[in-house]
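# Structural features, examined
Now for the letters of each chain:
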Amino acid sequence: MSEPLIEVTDLRYVYHSDTPQAVVALDGLSFSVEPGEYLGIVGGNGSGKSTLAKHLNALLLPASGTVRVGGLDTRDRAAIWEIRRRVGMIFQNPDNQLVATVVEEDVAFGPENLGLPPAMIRERVGEALAAVGMTEFRRRAPHLLSGGQKQRVAIAGILAMRPACLVLDEATTMLDPAGRAEVLETLAVLNRRDGVTIMLISHAMEDLADAGRIIAMDRGRIVLDGPAARVMARADEIPGGRLGAPQMAKLARWLREDGLRLPEGAHTVEALADAVAAAAGLGTQGDV
Amino acid sequence: MELTRYITVGQYLPRSSPLHNLDPRTKILATTALMVTLFLIPSFAGLGLLAAGLLALLALGQIPLGYALRGLRPIAVLLLLTVFLNTFFGGGDAGRTLFQAGPLVATEEGFRRALFVGLRFILLVTAATLLTFVTSPVELTDGLEWLLHPFRRVGVPAHELAMMMSIALRFIPTLLEETEKIMKAQMARGAEFGQGSILRRARAFVPVLVPLLISAFRRSEELALAMEARCYRGGEGRTRMKELRWRTADLVAGACVIAVSTVLVRLR
């Protein structure tokens, strides 16, 4: 068993500590992330998921407990840049994370900060743009791209630093449905094809259809942590509300309650249709 | 109203022309030289030749003429004011009187001066916008940073200035877009822009500027966070994807600018 990529132990964080307005944002979290995982983190407003994200690359430091990235403690000042290189973060608003006026120059920003030689930067920019399918836009101005494309450029900018893990903090929230699908597809491909570890943070369970494992958060605590299918099936138990299970997961549960024997984990339209067809074709009980 | 289309100053037009391929330092130095030359040119003939030269450069850089001229629109008022003041007050007492309007006397000398100053102004702005049309902001700031580097010893924060300028240029279109959005939102609530006295128009912009500023501050905070997350820690130890490199073309371009300037300054 290899060492976990990220190891969070008993993490606590308090905003405005020592003042009357103190808010406990994270209240004793423990979990770890293995290399190659696609982990979804879901929670409502104020559940602490964004605060958690900022701990993963030392933008915030724990009040107590530890966060380790590949064995490096985020409180170690000397390791901070290596940690930020390893854990790449993509934020909600694509406009506010692009620094340059040309796509390829923006993608180069991270590697330039790492002090890499120009030839290597060029190579990595090319690779990163190809990985997110934005090669043909390399000379474009980012403000002329669609939301989904901007977010893919932001992802390329992180990939060019060769991170061990991508953390997306509500990175699909501001996008229209097409842009959201575009970004989710890119992430799924990166995870499957290139083995990039992905942590997708969202308030919407629908976004997590590709995740292998889901952690549900509420008020700074983990309420559920397990395989995606199991967490989705129990989505209604997650407090904080507004975390409706994806429609297909809901439908699957209704059908199951009606007596149709369906396997867990079919939460896309195609997968569920196949599952229903298989169940019906085998002539199991139920009257589909 | 399409603000992004209206304001072309400071916009980069990605092409692959000989002008685009020059080293940014060459372009900055050449533009500065041309601007200084503009103030030293004594004759209309010189200005005319320089205008022709700039037109040729626009063509070489594949910049549509109409697009370049649109850059002059925001300065139209300033331009008219300059011409007006010079026509009536620039000539002194000497020179033939052209016409008289009340106490204002337009002299031939004044009119000549007005045209001269006006033309110089137009050329000045065109030269500056040409630089930004053919140089990406990142290149521009790289060039500036290099040129300012010797002054670091006397406390000029070269990298910080360059980075600030680059980010400002990056956010011009974004903020213009946002201004447009806020204006439309206020119009939908009954706000009227461009009507009434100047004071009234200025006041109508307060409900646009306040949200714009607030959002700009929020953006800056997020951007700073995103930059830190991408390992930005100032200019120390930073490298560049596009290295600045003097080529033969830069040498030739520099020589051309020096030669042209020398001739123009002497042309009577």
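Please read all numbers here as calculations on a predicted model, not as lab measurements. The residue numbers shown here count from 1 along each chain, following its written sequence. Going through the entries in the order they are written, you letter the chains from A and number the ligands from 1. Given that the model is predicted, a residue must reach a pLDDT of at least 70 before its local features are reported, and side-chain atom pairs must reach 80 or more before they are shown or counted; all residues, however, enter totals for whole chains, interfaces and linings. Excluding hydrogens and water, the side-chain figures rest on all heavy atoms present in the structure.

Right, let's talk about the overall build of chain B for a bit. Runs of E in the DSSP output that reach at least two residues are strands. Runs of H or I that reach at least four are helices, and both are numbered from the N terminus. The helix and strand tally for chain B stands at 12 helices and 2 strands. Along the chain direction, N to C, the helices and strands of chain B fall in the order α-α-α-α-α-α-β-β-α-α-α-α-α-α. Each principal axis of the C-alpha atoms in chain B carries an extent, and together these give about 70 × 60 × 40 Å. In chain B, of all internal contacts separated by at least 6 residues, the share reaching a separation of at least 24 is 74%. Exposure was quantified through the Shrake-Rupley algorithm and a 1.4 Å probe, taking into account, for residues, occlusion by the shown protein chains and nothing else. Of the roughly 15100 Å² of accessible surface on chain B, 67% is carried by carbon and sulfur atoms. Of the charged side chains in chain B, 30 are positive and 19 negative, and the gap between their average positions amounts to 4 Å. The contact rule is simple, with two residues in contact once any of their heavy atoms fall within 4.5 Å. Here the positive residues are Lys and Arg and the negative ones are Asp and Glu; neither His nor the chain ends is included. Taken as the charge location is NZ of Lys, CZ of Arg, CG of Asp or CD of Glu.

Moving on, we get to the overall build of chain A. In terms of regular secondary structure, chain A is built from 9 helices and 10 strands. In this description the radius of gyration comes from C-alpha coordinates, and the expected globular size is given by 2.2 Å times residues to the power 0.38. At 20 Å, chain A has a C-alpha radius of gyration in line with the 19 Å of a compact globule built from 288 residues. Expressed as lengths along the three principal axes of its C-alpha atoms, the size of chain A is roughly 65 × 50 × 40 Å. When a residue's accessible area, from a 1.4 Å probe over protein chains only, is under 20% of the maximum for its type it is buried; when over 50% it is exposed; and in between it is partly exposed. Here chain A holds 288 residues, and 54% of them are scored as buried. A separation threshold of at least 6 residues defines the contact pool for chain A, and within that pool the share at least 24 residues apart is 62%. When the accessible surface of chain A is summed, it comes to about 12100 Å², and 51% of that surface belongs to carbon and sulfur atoms. On chain A, the mean spot of the 30 positive side-chain charges and the mean spot of the 37 negative ones are 3 Å from each other.

Time to look at the pairing of strand β9 (residues 213-218) of chain A. All names here are of chain A. In terms of residue burial, β9 counts as a mostly covered element, since 6 of its 6 residues are buried. Burial along β9 is two-sided: R213, I215 and M217 and I214, A216 and D218, pointing in opposite directions, are all buried. As paired strands, strand β3 (residues 38-43) and β9 are joined by 5 bridges and run parallel to one another. Bridge pairing in β9 links L39 to R213. In the sheet, β9 pairs with strand β10 (residues 221-227) via 6 bridges, with the strands oriented antiparallel. Looking at β10, one finds that M217 is bridged to I222. For two strands to pair, DSSP has to find at least two bridges joining them.

Looking now at the packing of aromatic side chains. The description of two aromatic rings rests on the distance between their centres and on the angle between their planes. Residue and element names in this part refer to chain B. For this analysis, a ring pair means two rings from Phe, Tyr or Trp (six-membered ring only for Trp) whose centres lie within 6.5 Å, classed as stacked if their planes differ by under 30 degrees, edge-to-face if by over 60, and tilted for the remaining angles. Within the structure shown, the criterion is met by 7 aromatic pairs over all chains. Measuring from ring centre to ring centre gives 5.3 Å for F44 and F116, while their planes differ by 90°; the resulting arrangement is edge-to-face. With F44 in helix α4 (residues 44-60) and F116 in helix α7 (residues 108-134), this residue pair connects regions lying 72 residues apart in the sequence. You can call F44 partly exposed: its relative accessible area is 32%. On the basis of relative accessible area, F116 is assigned to the buried category, the value being 11%. Sitting over a ring, as applied to charges here, requires NZ of Lys or CZ of Arg to be within 6 Å of the ring centre and within 35 degrees of the ring normal. Over the ring of W146 we find R25, and its NZ or CZ is 4.4 Å from the ring centre. Stacked on the ring of F171, the Lys or Arg R170 has its end atom at 4.4 Å from the ring centre.

Once that is clear, we can look at the sheet that holds strand β6 (residues 87-90) of chain A. All names here are of chain A. Read across the sheet, 6 strands follow the order β6-β7-β8-β3-β9-β10 without closing on themselves; strand pairing throughout is mixed. Only two strands of the sheet have a single neighbouring strand rather than two, namely β6 and β10. Ignoring strand direction, the axes of neighbouring strands in this sheet form an average angle of 15°. Where strand β7 (residues 165-169) meets strand β8 (residues 197-202), 5 bridges bridge the pair, whose relative direction is parallel. Paired with V167 across the strands is M199, a residue of β8. The axes are straight lines fitted to the C-alpha atoms, using for helices just the contacting stretch, and the angles between their N-to-C directions are given from 0 to 180°. Here helix α6 (residues 177-194) sits on the sheet in contact with β3, β7 and β8, set at roughly 155° to β8.

Further remarks concern the packing of helix α8 (residues 247-257) of chain A against helix α9 (residues 269-281) of chain A. Residues and elements named next belong to chain A. Running from N to C, α8 and α9 cross one another at 20°; their axes reach a closest spacing of 10 Å. As judged from the angle between their axes, α8 and α9 are roughly parallel. Between α8 and α9 lies a crossing of left-handed hand. Across the interface between the two elements, M248, L251, A252 and L255 of α8 pack against V269, L272 and V276 of α9. Here is the rule for angles: anything less than 35 degrees is roughly parallel, anything more than 145 is roughly antiparallel, 65 through 115 is roughly perpendicular, and the remaining ranges are oblique. Helix crossings fall into two classes, left-handed where the near helix is turned counterclockwise from the far one by less than a right angle and right-handed where it is turned clockwise.

Turning to the interface of chain B and chain A, a few remarks are in order. Taken residue by residue, the interface counts 36 residues in chain B and 39 residues in chain A. Buried area, as used here, totals the accessible surface that two parts lose on assembly, with accessibility defined by a 1.4 Å probe and the loss added over both. A combined buried area of about 3400 Å² lies between chain B and chain A, and 55% of that area is made up of carbon and sulfur atoms. The largest per-residue losses of area from chain B upon contact with chain A belong to R170, R230 and M241 of chain B, which jointly make up 28% of the total buried on that side. A side-chain nitrogen of Lys or Arg and a carboxyl oxygen of Asp or Glu constitute a salt bridge if their distance falls within 4 Å. Across the chain B-chain A interface, the total number found is 6 salt bridges.

What follows is about the nonpolar core. Formed by 50 residues in total, the largest nonpolar core has its most connected members in I155, L166 and L187 of chain A. With 6 residues, helix α5 (residues 147-159) of chain A is the single largest residue contributor to this core. Discounting chain neighbours no more than four positions away, the residues touching L166 of chain A are G88, I90, I155, I158, L159, L187, L190, V196, T197, I198 and M199 of chain A. Throughout, nonpolar core names a set of buried Ala, Val, Leu, Ile, Met, Phe, Trp, Tyr and Cys residues whose side chains join them through atoms within 4.5 Å. Residues L29, A53 and C165 of chain A together with A229 of chain B belong to the second largest nonpolar core, which totals 32 residues.

Let us now look at helix α1 (residues 49-56) of chain A. All names here are of chain A. The buried fraction of α1 is high, at 7 of 8 residues. If you check which residues of α1 are buried, you get K49, T51, L52, A53, K54, H55 and L56. With its phi angle positive at about 65°, A58 sits one or two positions after the end of α1.

To continue, consider the pattern of salt bridges. Per the stated rule, a full pass over the model turns up 28 salt bridges over all chains. Here R238 of chain B ties to E112 of chain A by a salt bridge, and the two come within 3.0 Å at their closest N and O atoms. Here R238 of chain B is found in the loop between α11 (206-229) and α12 (248-266), whereas its partner E112 of chain A is found in helix α3 (residues 103-113) on a different chain. You can call R238 of chain B buried: its relative accessible area is 15%. Salt bridges sharing partners connect three or more residues here, namely E104, E105, R138 and R139 of chain A together with K242 of chain B.

The subject of this paragraph is a nonpolar patch on the surface. All names here are of chain B. Note that patches include only residues with greater than 30% relative accessible area and no salt bridge, and the join distances are 9 Å for like charges and 5 Å for nonpolar side chains (Val, Leu, Ile, Met, Phe, Trp, Tyr). A grouping of F44, L98, F99, F111 and L115 is seen on the molecular surface, where their side chains present a nonpolar patch of about 440 Å² in accessible area. Only β1 (97-101) and α7 provide two or more residues apiece to the nonpolar patch. Tracing the backbone through its elements, the reader meets F111 in helix α7. On the basis of relative accessible area, F111 is assigned to the partly exposed category, the value being 37%.

Below, the discussion takes up the sheet that holds strand β1 (residues 6-15) of chain A. All names here are of chain A. Across the sheet, 4 strands lie side by side as β2-β1-β4-β5; this open sheet has antiparallel pairing. Because the sheet does not close on itself, it has two edges, and the strands there are β2 (23-33) and β5 (72-73). Across the sheet, α1 is in contact with β1, β2 and β4 (64-69); its angle to β1 comes to roughly 120°.

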